[in-house]
Amino acid sequence: MVSTLHQVHLKRMINCDLKAENIVFKDADPHSEEIKIIDFGMADFLGVGPTLDLVSVYLCTQVTKAPDSPDMKPSGYIQGNRKTYASDMYSIGATMIHLVLRNYYELKNNKNLIERGFAEDESNEWITEGLLNAYLSEEEMLGKEGLDLILKITEPDVTKRWCAKEALLHPYFN
């Protein structure tokens, strides 16, 4: 997924709607090495202009949306954040967690602790679960290196969140 996303970013595109439904295996083979990203209906082309020209309106599926716009303040929005390539990286991290948990919770990285919210609950309350980090770090899930990667690509601050190129160098992919 990360390698494919890196290729998309090299073309100066942001998908803006990364989720499990928009990631497919070549020939529908889950053991295939080739993964494709589909549905670029909400994608943006960043071009080569200065970063100040980045689009600030960030539309995305809520449960994989990065905390990169003011409407995500309850999820850890940091003043000055805006939609960037890092927004897609956050969505990839959330998608990886969704695939492991086999559930579609809204997630956030709160000081390196993955938390989940109730999608059906209107209260905007989050469940802090240290157990979720422990579960994700189990070898049959993501492992310790996998959890470390997830924490780096779901960092709430876009200036600290890893890009696809950095993520591909993580020991998790060795």
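The structure reproduced in this document is the subject of the present report. (Residues numbered from 1 in each chain as written. Predicted model: local features only at pLDDT ≥ 70, side-chain atom pairs only at ≥ 80, totals over all residues. Heavy atoms only, no water.)

**Here's the deal with the overall build of the chain**
- Across its full length, the chain carries five helices and seven strands.
- Taken from N to C terminus, the helices and strands of the chain fall in the order α-β-β-β-β-α-β-β-β-α-α-α.
- A buried classification covers 48% of the 174 residues belonging to the chain.
- Pairs at least 24 apart in sequence give 59% of the contacts found in the chain among residues at least 6 apart.
- Only carbon and sulfur atoms are counted for the fraction: they give 54% of the accessible area of the chain, which is about 9500 Å². (Helix = DSSP H or I, 4+ residues; strand = E, 2+ residues; numbered from the N terminus. Buried < 20%, exposed > 50% of the residue type's maximum accessible area, 1.4 Å probe, protein only. Contact = heavy atoms within 4.5 Å. Areas by Shrake-Rupley, 256 points an atom, 1.4 Å probe, with all protein chains shown as cover.)

**Quick notes on the nonpolar core**
- In this structure, Ile 92, Ile 114 and Leu 136 are the most contacted members of the largest nonpolar core, which totals 26 residues.
- Those elements that provide at least two residues to this core are helix H1 (2-10), strand S3 (35-37), helix H2 (85-101), helix H3 (130-136), helix H4 (143-153) and helix H5 (164-168). (Core = buried A, V, L, I, M, F, W, Y, C linked by side-chain atoms within 4.5 Å.)

**What to know about H1**
- Taken residue by residue, H1 has Val 2, Thr 4, Leu 5, His 6, Val 8 and His 9 as its buried positions.
- The secondary structure elements touched by the buried residues of H1 are strand S1 (13-14), S3, H2 and H5.
- Just beyond H1, the residue with positive phi is Arg 12, at close to 65°.

**Quick look at the pattern of salt bridges**
- By the definition in use, this model includes two salt bridges.
- When the shortest N-O distance is used, the salt bridge between Lys 152 and Asp 148 registers 2.9 Å. Placement of both Lys 152 and Asp 148 in helix H4 is noted, with a separation of four residues, approximately one turn of the helix.
- Relative accessible area serves as the criterion here: at 27%, Lys 152 is assigned to the partly exposed category. (Salt bridge = Lys/Arg side-chain N within 4 Å of Asp/Glu carboxyl O.)

**Here's the deal with the environment of Tyr 85**
- Along the chain, Tyr 85 turns up in helix H2.
- Separated by 73 residues in the primary sequence, Tyr 85 and Arg 12 have C-alpha atoms spaced 8.6 Å apart.
- Beyond its immediate stretch of four places on either side in the chain, Tyr 85 contacts His 9, Arg 12, Met 13, Ile 14 and Leu 46.

**Quick word on unusual backbone geometry**
- Positive phi, close to 70°, is recorded for Cys 16, a residue that is not glycine.
- Take Cys 16: it is sitting in the loop between S1 and strand S2 (23-25).
- If you check the backbone angles, Arg 102 has positive phi at about 55° while not being a glycine.
- With respect to the secondary-structure elements, Arg 102 resides in the loop between H2 and strand S5 (106-109).
- Its relative accessible area of 77% is what places Arg 102 among the exposed residues.

**Digging into H2**
- With 17 residues, H2 extends 25 Å between its outermost C-alpha atoms, agreeing within 8% with the 24 Å of an ideal straight helix rising 1.5 Å per residue.
- The element H2 is largely enclosed, with a buried count of 15 among its 17 residues.
- Remark: Arg 102 follows H2 within two positions and exhibits a positive phi of approximately 55°. (Expected span 1.5 Å × (residues − 1).)

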